[in-house]
Amino acid sequence: MQRLLISLQLTDSAFPSGFYTLSHGLEGFAQAGAVDPEGLTALLADLLRHGVGPSDATALALAHRAATARDWSAVAGIDTRLHATKLNRELRQASLRTGRQLLDLAAEVFGGDGIVRFHRAVTERRVPGTQAVAAGVVYAATGVPARQAVASDLFAFCASFAGAALRLRLTDHRRAQSLLREAAPVIEETTHAALVRETGDLGATTFAADVMSARHERAEARLFAT
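Residues numbered from 1 in each chain as written. Predicted model: local features only at pLDDT ≥ 70, side-chain atom pairs only at ≥ 80, totals over all residues. Heavy atoms only, no water.

Draft legend 1. Local environment of a nonpolar patch on the surface. Residues Met 1, Leu 4, Leu 5 and Leu 8 make up a contiguous nonpolar surface patch of about 420 Å² in total accessible area. Turning to its location among the elements, Leu 5 is positioned in helix α1 (residues 2–11). (Patch = residues over 30% accessible without salt bridge, like charges linked within 9 Å, V, L, I, M, F, W, Y side chains within 5 Å. Areas by Shrake-Rupley, 256 points an atom, 1.4 Å probe, with all protein chains shown as cover. Salt bridge = Lys/Arg side-chain N within 4 Å of Asp/Glu carboxyl O. Helix = DSSP H or I, 4+ residues; strand = E, 2+ residues; numbered from the N terminus.)

Structure follows, in structure tokens:
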């Protein structure tokens with residue numbers, strides 16, 4: 001029960017990690033007129049399968065495994081590799097900002113040697129501190145199983161995406177809940193795939209999303225940080 005409660009707390013939209021400032025590329029698609037309300041489900045599924053799944057979810061699973069084994073050299077390597085795969089400045093900065101906020105708060109709320117150790121390494125700039133790797137370390141230190149940790153973080157991504165769609169007026173509150181439910185099988189599929197990948201497999205293949213993110217960096221008006 002305690003592990004479930006921890007994962008619920010970490011993925012709650014009220015947890016101040018900074019996810020509410022991110023659209024995960026959706027604002028870029030909206031600005032380009034490249035998505036409409038009917039296309040949200042397909043776009044979210046593609047981002048899960050080809051973007052966040054092979055990159056962040058995989059890094060989280062790998063970091064969870066390494067932190068559980070107390071292999072901090074491996075954790076640092078995964079963190080550095082994930083950071084290097086983020087091609088756009090916005091995405092890199094958002095990952096680092098949310099990762100550092102997560103670690104800072106987790107060190108205070110949960111404590112634990114693993115969290116404190118990685119938090120110190122990030123604070124001293126010895127490792128980047130990406131959000132997914134930070135989450136992997138926190139989940140491992142608090143005893144949340146890897147499968148539950150990956151699925152929880154993917155759901156948080158989807159909830160944040162749905163919230164961005166609401167604020168961009170691409171959906172309403174009722175349709176947003178249907179969007180989350182429709183994403184559930186893809187979350188399950190993406191979780192399974194992330195858990196069996198190795199470090200060499202880490203990296204997204206969402207070229208259109210990268211282009212939208214690059215355009216978003218130069219947009220004159222932006223509601224979201226990404």
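Draft legend 2. Structural view of the environment of Arg 174. Along the chain, Arg 174 turns up in helix α9 (residues 173–196). Using a relative accessible area of 74% as the deciding quantity, one classes Arg 174 as exposed. C-alpha separation for the pair Arg 174 and Gln 9, spaced 165 residues apart in sequence, amounts to 23 Å. (Buried < 20%, exposed > 50% of the residue type's maximum accessible area, 1.4 Å probe, protein only.)

Draft legend 3. Structural context of the environment of Ala 134. Tracing the chain through its elements places Ala 134 in helix α7 (residues 131–141). Measuring from C-alpha to C-alpha, the distance between Ala 134 and Leu 103 comes to 6.3 Å, with 31 residues separating the pair along the chain. The contact partners of Ala 134, leaving out residues within four places of it in the chain, are Gly 99, Leu 102, Leu 103 and Phe 118. (Contact = heavy atoms within 4.5 Å.)

Draft legend 4. Highlighting the pattern of salt bridges. Within this structure, the stated rule accounts for six salt bridges. For Asp 56, the salt bridge goes to Lys 86, with nearest N and O atoms at 3.0 Å. Remark: Lys 86 occurs in the loop between α4 (72–85) and α5 (89–109) and Asp 56 occurs in helix α3 (residues 40–68); sequence separation between them is 30 residues. Across this residue pair, the class does not change: Asp 56 and Lys 86 are buried. Its salt-bridge partner being Asp 113, residue Arg 70 comes within 2.4 Å of it at the nearest N-O pair. With Arg 70 in the loop between α3 and α4 and Asp 113 in helix α6 (residues 113–123), this pair connects stretches of sequence that are 43 residues apart. The class for Arg 70 is partly exposed, based on a relative accessible area of 47%. You can call Asp 113 partly exposed: its relative accessible area is 47%.

Draft legend 5. Spatial organisation of unusual backbone geometry. Of note in the backbone geometry, His 24 takes a positive phi value of approximately 60 degrees without being a glycine. With respect to the secondary-structure elements, His 24 resides in the loop between α1 and α2 (26–31). The class for His 24 is buried, based on a relative accessible area of 14%. Phi is positive for Arg 70, close to 60 degrees, though the residue is something other than glycine.

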